[in-house]
Amino acid sequence: MSKSGFVPDNSNIKKSSGTPNLSVNYKQNVLFKRNDQNIAYQLTSTQLPAMLGGAFVDLYMTKGHMREPHWHPNAWELDVVVSGEVQVSILDPDTSSMHNYRIKEGEVVFIPMGWWHWIEPLSEEAHLHLFFNNDQFESTEGSDVLRLTPPIVFQKAYGVSANEVAEAVAPITDTVVIGPPHDHSFYQKSYLKDERDEKVVVKINEKVLHAEDK
């Protein structure tokens, strides 16, 4: 669509054509559904052709799930918490720094275009409204980056084992969006460990580090 993105006027609406459709039930358009409690609805100019220059996502999540790491190459994002509490994590590419924002009802986080980010519920349930300044915003999902990049590329670029990378990302067989997939046994084990507050062990360069050592 040639006029997607910021639109400074209503030149797309023609008087001679009469008033365009200005109302729609966006819950008829599911962006992604993990289950009934973890679901996202989307409203773009596909549903409302007159709505150029902006888009909207209605996001519901429960604790233990997350909006996976991703970025939007053609839109900024404004996250508004309707209910519950979440943590929005953002990587600032200009300063190479990570920022975590805990926000609850009445608070917002702004994510500049192209910045890597993810959203994780801190409360049992969370409901957010996400706004974008492009009526056909695009998303690059971390799950796609991991599963579609040949493992040998990670070995050549970072000096890690291609075989180990391939094994690690093998369970990622599709785009995740809201994760993790519940049919993955690793999810069940890791989430239960988090719930029991067990000590986390990290292995870096063959050296075992415990959480308290980091």
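Located above this text is the structure these notes cover.
Residues numbered from 1 in each chain as written. Predicted model: local features only at pLDDT ≥ 70, side-chain atom pairs only at ≥ 80, totals over all residues. Heavy atoms only, no water.

## Looking at the nonpolar core
So, step 1. The biggest cluster of nonpolar side chains holds 23 residues, and the ones touching the most others in it are Leu59, Val86, Val88, Ile119 and Leu128.
So, step 2. Elements represented by at least two residues in this core include exactly β3 (55-62), β6 (85-92), β8 (108-111) and β10 (125-132).
So, step 3. Setting aside residues up to four positions removed in sequence, Val86 forms contacts with Val81, Tyr101, Arg102, Ile103, Ile119, Glu120, Pro121, Leu122, Ala126 and Leu128. (Core = buried A, V, L, I, M, F, W, Y, C linked by side-chain atoms within 4.5 Å. Buried < 20%, exposed > 50% of the residue type's maximum accessible area, 1.4 Å probe, protein only. Helix = DSSP H or I, 4+ residues; strand = E, 2+ residues; numbered from the N terminus. Contact = heavy atoms within 4.5 Å.)

## Some thoughts on the pairing of β6
So, step 1. Of the strand pairs in this sheet, β6 and strand β7 (residues 97-104) are connected by eight bridges, and their pairing is antiparallel. Looking across to β7, one finds that Ser89 is bridged to Asn100.
So, step 2. The antiparallel pairing of β6 with β7 creates a hairpin that spans four residues between the two strands, and Ser96 there sits at a positive phi of about 50°.
So, step 3. Here β6 runs beside strand β9 (residues 117-121); their pairing, made up of five bridges, is antiparallel. Within β9, the position partnered with Val88 by the bridge is Ile119. (Pairing = 2+ DSSP bridges.)

## Regarding empty space enclosed by the protein
So, step 1. Scanning the model with the defined rule gives one cavity of 30 Å³ or more in all.
So, step 2. Of the pockets and cavities examined, the largest cavity occupies roughly 90 Å³.
So, step 3. What lines the largest cavity is a set of 14 residues, and nearest its centre among them are Leu31, Val57, Arg67, Leu130 and Phe132.
So, step 4. Residues belonging to the lining of the largest cavity are distributed by class as follows: nine nonpolar, three polar and two charged. (1 Å grid on protein atoms, 1.4 Å probe; cavity = no way out; pocket = protein on both sides within 12 Å on 5 of 7 lines; lining within 4 Å. Points joined across faces, edges and corners; volume = space filled by probe spheres on them. Nonpolar A, V, L, I, M, F, W, Y, C, P; charged D, E, K, R; others polar.)

## A word on the sheet that holds strand β5 (residues 77-83)
So, step 1. As summarised here, the arrangement of the six strands in space is β1-β2-β3-β10-β5-β8, forming an open sheet in which the pairing is antiparallel. Edge positions in the sheet fall to β1 (30-35) and β8, since each of these pairs with one other strand and no more. Direction aside, the axes of adjacent strands within the sheet are offset by 15° on average. (Axes fitted to C-alpha atoms, helices over the stretch in contact; angles between N-to-C directions.)

## With respect to the packing of aromatic side chains
So, step 1. If you walk through the whole model with that rule in mind, you get eight aromatic pairs.
So, step 2. A centroid spacing of 6.4 Å and a plane angle of 90° characterise the contact between Tyr41 and Tyr60, whose relative ring orientation is edge-to-face. Taken together, the positions of Tyr41 in strand β2 (residues 38-43) and Tyr60 in strand β3 put the pair 19 residues apart, joining distant regions of the chain.
So, step 3. Take Tyr60: its relative accessible area is 23%, and that puts it in the partly exposed class.
So, step 4. Note on Trp76 and Phe110: the rings are 5.3 Å apart at their centroids and 55° apart in plane angle, and the pair reads as tilted. One end of the pair, Trp76, is in the loop between β4 (66-71) and β5; the other, Phe110, is in strand β8, with 34 residues separating them in the sequence.
So, step 5. Among the residues examined, Phe110 registers a relative accessible area of 43% and is labelled partly exposed. (Phe/Tyr/Trp six-rings, centres within 6.5 Å; stacked < 30°, edge-to-face > 60°.)

## Focus: the packing of helix α2 (residues 151-158) against helix α3 (residues 162-169)
So, step 1. Between α2 and α3, the least distance of the axes is 8 Å, while the angle of their chain directions is 130°. Between α2 and α3, the angle falls in the class oblique. Judged by the sense of rotation from one axis to the other, the crossing of α2 with α3 is right-handed. Listed contacts from α3 to Pro151, Ile152, Phe154 and Gln155 of α2 are Ala162, Val165 and Ala166.
So, step 2. The residue inventory of the contact of α2 with α3, partitioned by class, reads six nonpolar, one polar and no charged. (Parallel < 35°, antiparallel > 145°, perpendicular 65-115°, else oblique. Left-handed = near helix turned anticlockwise from the far one by under 90°.)

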